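Fold and contact review
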Amino acid sequence: MSNRDDLLQMLQGQEPERIPYIYMGFHDERAMHKLVPADCCDENTYYVPCDDPPRERFSPEPRTHESRERAVRMSEYLDMATVAVGKGAVSHFGHGGPGEIQPVVIERTETHKILQYEGGHKRYFHYDPHSIRYYDFPIKDEQDLENLELPDMRDPARFKDIEEDCRFVKESGFVPVASVQGFFSGIHNSFMDYADTLANLLLKPQFMHRITETLARMSLDAAEMLLDRGVEIITVCDDLGNAGGLIISPQTFREFFLPWYEELTRLAHDRGAYIHLHSHGNIKKVLPDLVSIGIDIIDPFDWDENPDLPALVKQYGRDVIFCGGSTGDIYEKDLDEVEYNIKRACSLADIAEKGYILMTYGGLDTLSNEYWSSCLEIMSQARERRS
C-alpha cells in the first residue's frame, strides 16, 4: 500500500496500514539544502524564490518533468503522504504556490533579502539568525481597499502547471495538495498591520467585513481553480492562537471568518476533495465550530500548547482527523527525548477514531546529518501500526 493509499483510506473512514506523516517544513532554506539529498530540491522547492541557486522570481516557463521528479523525491525521502503542487509549494506546508500571492526579490545581499508580494507588502528575510519582518502593508483605510490590486485567481495561465503536477503526483503514490491564503492571518500577514487588524475587527467591523470578503473571494477562486485541476486536499495556514488561547474571541472568529471556512469546505467536498487547516495554538474554544462545518484535518496541536491533547482527541476525534502532536522544539532535544515525543504523539492514533497523522516541523541547519537521519528512523518506526 502506498503512502497515498494510507492517507486516502483514513480520509474515507478506513484504517491505514501505517500512520501517515506530513512534514511542515525546514527552519530555512539552508537547513533544507543541508538535510536532504540534492536531487530532492530545485528552484521550485522552497516557498520563496531561492538563494541556492539565486532566483528573483518563479519562472513563468512550464514546469519540467525533472522538477516534478525532484518534488516527489522529497516526499519519498521524508516518507510523507503528500506532495504540494505548483512552483514554490513543496516546502513549507501551507505556504507557496499559485493559490497564494506570489513574491519577487527586490533586494539581495549577503545578510538578507527583501521580497515584494502581489498586493504590495514587503518581507525582510534576515539570514543569520533567520528571521522575517513583514511591513509596508497596502491597506490603512477604505480608500486603500478600493485601490488594492490583487492577482487574477481565475487566470488559467497562473495554474498551467497544476494539472500535470497532480497527475504525476498521483501516479507516483502521493496525494496532491495545494495552499490558499488563510482568511484571518492572510489579512495581517500581507495586507494590514497586525495591531490595526485586531483593532479594526472591534472598531470598524463593516470595513473589516469588506476586507475579509475581498480576500476570501480571491482564495475561493484559487481553490476552485486548483480543485478543478486535480488537487485533492486544500491546505490553509491560518494561525488563530498561541499557548494561552485564541488571538481573537470565538465570537469574532465566528462572525468574520467561520462562514468563509464553511464555504471553502463546501467547495472542496462538492468536488470530492478535503480541507486541511493549519493553526498553531490552543484553539479548543473554536474546535466545535470547525468540526461542525466539516473541516477534515487540523494541525499541528503542539503538545506544549495543548497539554490536554488526549482529552481533545477523545472528544472530537470521531469527527475530525488530528494531525501533529509533536512539539515545536523537537529537533532541539536529544534522541531519547525525540523518541519519547514521537511515540507519545503516535499514541494518539489509538484514540483518534477518525484518524491521526504525525506532523513535525523546524529542522535546523545546526543539526548533524546523523542526528537528522536518526530522527527520521525514529518516526518511521513509531508510525508502524500496533496490533
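The text that follows walks through the structure, step by step, so that each part is easy to find. (Residues numbered from 1 in each chain as written. Predicted model: local features only at pLDDT ≥ 70, side-chain atom pairs only at ≥ 80, totals over all residues. Heavy atoms only, no water.)

This part takes up the sheet that holds strand E4 (residues 112–117). If you walk across this open sheet you meet the four strands as E3-E4-E5-E6, and the pairing is antiparallel. Bordering the open sheet on either side are strand E3 (103–108) and strand E6 (131–135), each of which pairs with just one other strand. Strand-to-strand twist in this sheet, taken as the mean axis angle between neighbours without regard to direction, amounts to 25 degrees. One ladder, built from five bridges, connects strand E5 (residues 122–126) with E6; its direction is antiparallel. By the bridge assignment for E6, Lys122 is matched with Tyr135. (Pairing = 2+ DSSP bridges. Helix = DSSP H or I, 4+ residues; strand = E, 2+ residues; numbered from the N terminus. Axes fitted to C-alpha atoms, helices over the stretch in contact; angles between N-to-C directions.)

We now examine the packing of helix H3 (residues 65–78) against helix H5 (residues 162–171). H5 packs onto H3 with a crossing angle of 50 degrees between their chain directions and a minimal axis gap of 10 Å. Here H3 lies oblique to H5, going by the angle between them. At the point where H3 passes H5, the crossing takes the right-handed sense. Here H3 contributes His65, Arg68, Glu69 and Val72 to the contact with H5, which in turn contributes Glu164, Asp165 and Phe168. (Parallel < 35°, antiparallel > 145°, perpendicular 65-115°, else oblique. Left-handed = near helix turned anticlockwise from the far one by under 90°. Contact = heavy atoms within 4.5 Å.)

With that out of the way, let us pick up the sheet that holds strand E7 (residues 175–181). Read across the open sheet, the eight strands follow the order E1-E14-E13-E12-E11-E8-E7-E2; overall the sheet is parallel. Each of the sheet's edge strands pairs with one partner strand only, and the pair in question is strand E1 (21–23) and strand E2 (82–84). Pairwise comparison of adjacent strand axes, ignoring direction, gives a mean angle of 25 degrees for this sheet. Examined bridge by bridge, strand E11 (residues 274–279) and strand E12 (residues 297–300) share four bridges and lie parallel to one another. Residue pairing in the sheet places Ser279 in a bridge with Pro300 of E12. Sitting on the sheet, H3 is in contact with E1 and E2, with an inclination near 145 degrees to E2.

With that out of the way, let us pick up the packing of helix H7 (residues 194–203) against helix H8 (residues 205–227). The axes of two packed helices give the description: the angle between them and the distance between them. For the pair H7 and H8, the least separation of the axes is 6 Å and the interaxial angle reads 120 degrees. Regarding the angle of H7 to H8, the classification is oblique. Packed against H7, whose contacting residues are Thr197, Asn200, Leu201, Leu202 and Leu203, the element H8 presents Pro205, Phe207 and Met208 at the interface. Looking at the contact of H7 with H8 residue by residue, the classes come out as six nonpolar, two polar and no charged. (Nonpolar A, V, L, I, M, F, W, Y, C, P; charged D, E, K, R; others polar.)

On to the packing of aromatic side chains, then. By the definition in use, this model includes eleven aromatic pairs. Considering the side-chain rings of Tyr47 and Phe125, the 6.5 Å spacing of their centres and the 50 degrees angle between planes classify their relative orientation as tilted. Placement of the pair is Tyr47 in the loop between helix H2 (29–35) and H3 and Phe125 in strand E5, with a sequence separation of 78 residues. In terms of burial, Tyr47 and Phe125 fall into one category: buried. Ring pairs connect the aromatic residues Tyr23, Phe26, Tyr331 and Trp372, which therefore count as one cluster. (Phe/Tyr/Trp six-rings, centres within 6.5 Å; stacked < 30°, edge-to-face > 60°. Buried < 20%, exposed > 50% of the residue type's maximum accessible area, 1.4 Å probe, protein only.)

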